[in-house]
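Residue-level structural notes
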Amino acid sequence: MAFSSPLPRGSRVVVVTAAILLLAAMGAEADTRKYQFDVQMTSVTRLCGTKSIVTVNGQYPGPTLFAREGDHVEVTVVNHSPYNMSIHWHGIRQLFSGWSDGPSYITQCPIQPGHTYVYRFHIVGQRGTLWWHAHISWLRATVHGPIVILPPAGVPYPFPPPHDEVPLMLGEWWRNDTEAVIAQALQTGGGPNISDAYTINGLPGPLYNCSSAQETFRLKVKPGKTYMLRLINAALNDELFFSVANHTLTVVDVDAVYVKPFTVDTLVIAPGQTSNVLLATKPTYPGASYYMEARPYTNTQGTFDNTTVAGVLEYEDPCPSAAGKTNSHLPVFAPTLPQINDTNFVANYTAKLRSLASADYPAAVPQEVDRRFFFTVGLGTHPCAVNGTCQGPNGSRFAASINNVSFVLPTTALLQSHFAGKSRGVYASNFPAFPLMPFNYTGAPPNNTNVMNGTKVVVLPFGASVELVMQDTSILGAESHPLHLHGFNFFVVGQGFGNFDPAKDPAKFNLVDPVERNTVGVPAGGWVAIRFVADNPGPCVVHALSPGGAHELGPEDGVAGAGRQPP
């Protein structure tokens with residue numbers, strides 16, 4: 001095994017290189033990394049249009065947060081924007097630091113304009129790529145950035161060290177104001193208007209009309225080298241295929257957890273997920289450039305952004321014939337991506353993901369289960385207001401739900417109300433562990449598609465081993481649902497199509513080396529089963545990456561042998 005490099009080489013972006021240099025120089029002695037995030041409005045031009053967007057430090061995407069496993073991190077967020085704001089550190093466990101998790105009205109009240117909030121957390125047992133983003137309304141469309149967690153100084157990667165490491169954020173771009181887009185959807189009850197482009201590191205690339213040469217992400221590489229691409233799907237709701245023409249990708253890490261390496265031509269990544277992949281360049285200068293492309297995977301019956309974003313992989317010419325000559329004259333090859341609705345490809349890809357499960361990085365899969373839950377997830381409806389005009393199915397309003405309950409944000413943060421002992425009237429702890437009215441979840445939809453509203457939570461004993469099966473429904477058409485669990489990693493022990501069979505399917509669970517994640521896609525017309533230990537006190541939200549279906553899983557303080565509230 002080779003030792004991880006504290007300094008990814010190259011000349012990509014000065015701020016990235018300088019940050020890693022500083023981290024390397026500080027070494028193991030400086031265990032607190034301090035950052036300041038100034039949330040502000042910034043004018044950005046894309047696709048022949050300029051608009052003012054919310055950014056951090058004037059950057060889109062935002063700055064990369066660098067740290068090592070074991071570090072303490074302190075981020076001071078100053079809100080200069082006209083919007084309420086909070087920042088979520090997506091995938092950070094937040095062990096005993098729930099106040100710093102970031103979801104508005106769950107673990108904190110939002111940061112009002114002109115105000116400041118300091119997030120403090122400890123990175124424990126995690127190394128790889130995560131990301132941060134706004135966690136209120138749709139502000140995360142532009143307020144997001146990478147989190148790069150290096151191993152402790154002197155600790156090797158369990159794979160050959162790359163020549164360089166490059167964050168690649170896959171996102172979306174709207175010509176219109178995204179806050180106006182979601183406001184209109186919430187007002188009419190219809191689906192939000194789709195994005196105008198996908199992006200790589202904030203740039204839409206050459207395949208879109210009116211995209212300038214400066215709006216294409218270009219990655220300069222050398223022949224005979226290995227590069228680690230730190231992929232992040234920051235799109236609001238779209239799973240994405242990703243491929244690099246005439247190159248293979250070796251997956252070595254997902255959601256900041258090492259996996260058994262495997263090599264593919266194309267991968268799929270759900271919103272909120274991350275994946276570190278190794279790209280081996282060609283041994284000699286190829287005299288060509290190659291597109292890195294991403295486009296959606298979906299089988300929804302609704303509208304979606306059916307476009308493709310491209311960046312360019314460019315080789316350094318060892319013998320340039322003229323000073324200042326560019327690669328624009330070279331042929332450019334494009335990858336062949338799966339069909340947009342290729343569910344079999346997605347299932348086969350996800351089946352390849354396995355935890356490393358080595359002596360150094362064991363897979364601590366719960367073998368016994370204390371609490372079992374079965375959650376149906378999907379879209380339903382709310383009736384339109386009297387004399388109202390709504391654009392959902394049959395004049396209704398769309399409503400995402402879990403077990404037929406659509407989450408209603410409280411006006412007081414759940415963690416605050418729990419800490420103060422004033423939860424009465426803020427939330428109820430009677431969220432159903434199973435559907436109240438079972439039906440054929442993937443068959444013909446029921447006649448009544450309405451869902452109920454509620455601010456309901458599940459209360460878990462501290463230290464309990466939990467099994468949660470999430471089942472897609474076909475009420476308004478089967479589709480894949482990416483779901484993220486705050487405050488925990490979990491093991492994906494099983495998945496399949498059709499209705500989950502509690503008598504037969506558990507026998508097929510992988511309890512040896514299942515992949516460990518913080519975000520998982522519930523298969524379209526299928527189910528996924530996860531297991532985790534409730535070892536993190538406080539309210540921890542499980543939610544879809546799009547608005548609507550959010551609910552809380554909160555371990556009780558001091559229960560199950562803890563004896564007292566953990567400090």
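Residues numbered from 1 in each chain as written. Predicted model: local features only at pLDDT ≥ 70, side-chain atom pairs only at ≥ 80, totals over all residues. Heavy atoms only, no water.

**Section: the sheet that holds strand β10 (residues 197–200)**
Note the threshold: In this analysis, strands are considered paired if DSSP registers two or more bridges between them. In this text, helices come from DSSP runs of H or I with a minimum length of four residues, and strands from runs of E with a minimum of two, each type numbered from the N-terminal end. Think of each axis as a best-fit line through the C-alpha atoms, taken over the contacting stretch in the case of a helix, with angles from 0 to 180 degrees between the N-to-C directions.
Spatially, the six strands line up as an open sheet ordered β10-β9-β12-β17-β14-β15, and their pairing is mixed. For this open sheet the edge positions go to β10 and β15 (257–264), each flanked by a neighbour on one side alone. Strand-to-strand twist across the sheet, computed as the mean angle between neighbouring axes with direction ignored, equals 25°.

**Focus on the packing of aromatic side chains**
Heads up, the rule is: Two rings belonging to Phe, Tyr or Trp (six-membered ring only in the last case) form a pair when the distance between their centres is within 6.5 Å. Interplanar angles under 30 degrees mark stacking, angles over 60 mark edge-to-face geometry, and anything in between is tilted. Only protein chains enter the area calculation, which uses a 1.4 Å probe; residues under 20% of their type maximum are buried, those over 50% are exposed, and those in between are partly exposed.
Applying the stated criterion across every chain yields a total of 25 aromatic pairs. Between W99 and F419 the ring centres are 5.5 Å apart and the planes differ by 80°, which places this aromatic pair in the edge-to-face class. Note that W99 is positioned in the loop between β5 (87–90) and β6 (116–122) and F419 in helix α4 (residues 414–419), a separation of 320 residues in sequence. On the basis of relative accessible area, W99 is assigned to the partly exposed category, the value being 38%. Three or more aromatic residues joined by ring pairs form one cluster here, namely F37, W89, Y117, Y119, F121 and W132.

**Quick word on the pairing of strand β8 (residues 144–150)**
Burial runs high along β8: seven of the seven residues are buried. Bridge count between strand β7 (residues 128–134) and β8: six bridges; the pairing is antiparallel. Residue pairing across strands places T129 opposite V148, the latter belonging to β8.

**Observations regarding the side chain of H484**
For the record, the criterion: Polar contact is defined as a pair of N or O atoms within 3.5 Å, subject to the rule that within protein one atom must be able to donate a hydrogen and the other to accept it, and that residues adjacent in sequence are counted only when both atoms are side-chain atoms.
With respect to the secondary-structure elements, H484 resides in strand β27 (residues 481–485). A distance of 3.4 Å separates polar atoms of two side chains, one belonging to H484 and the other to H90. Of the polar contacts made by the side chain of H484, one reaches the backbone oxygen of N518; its length is 2.9 Å.

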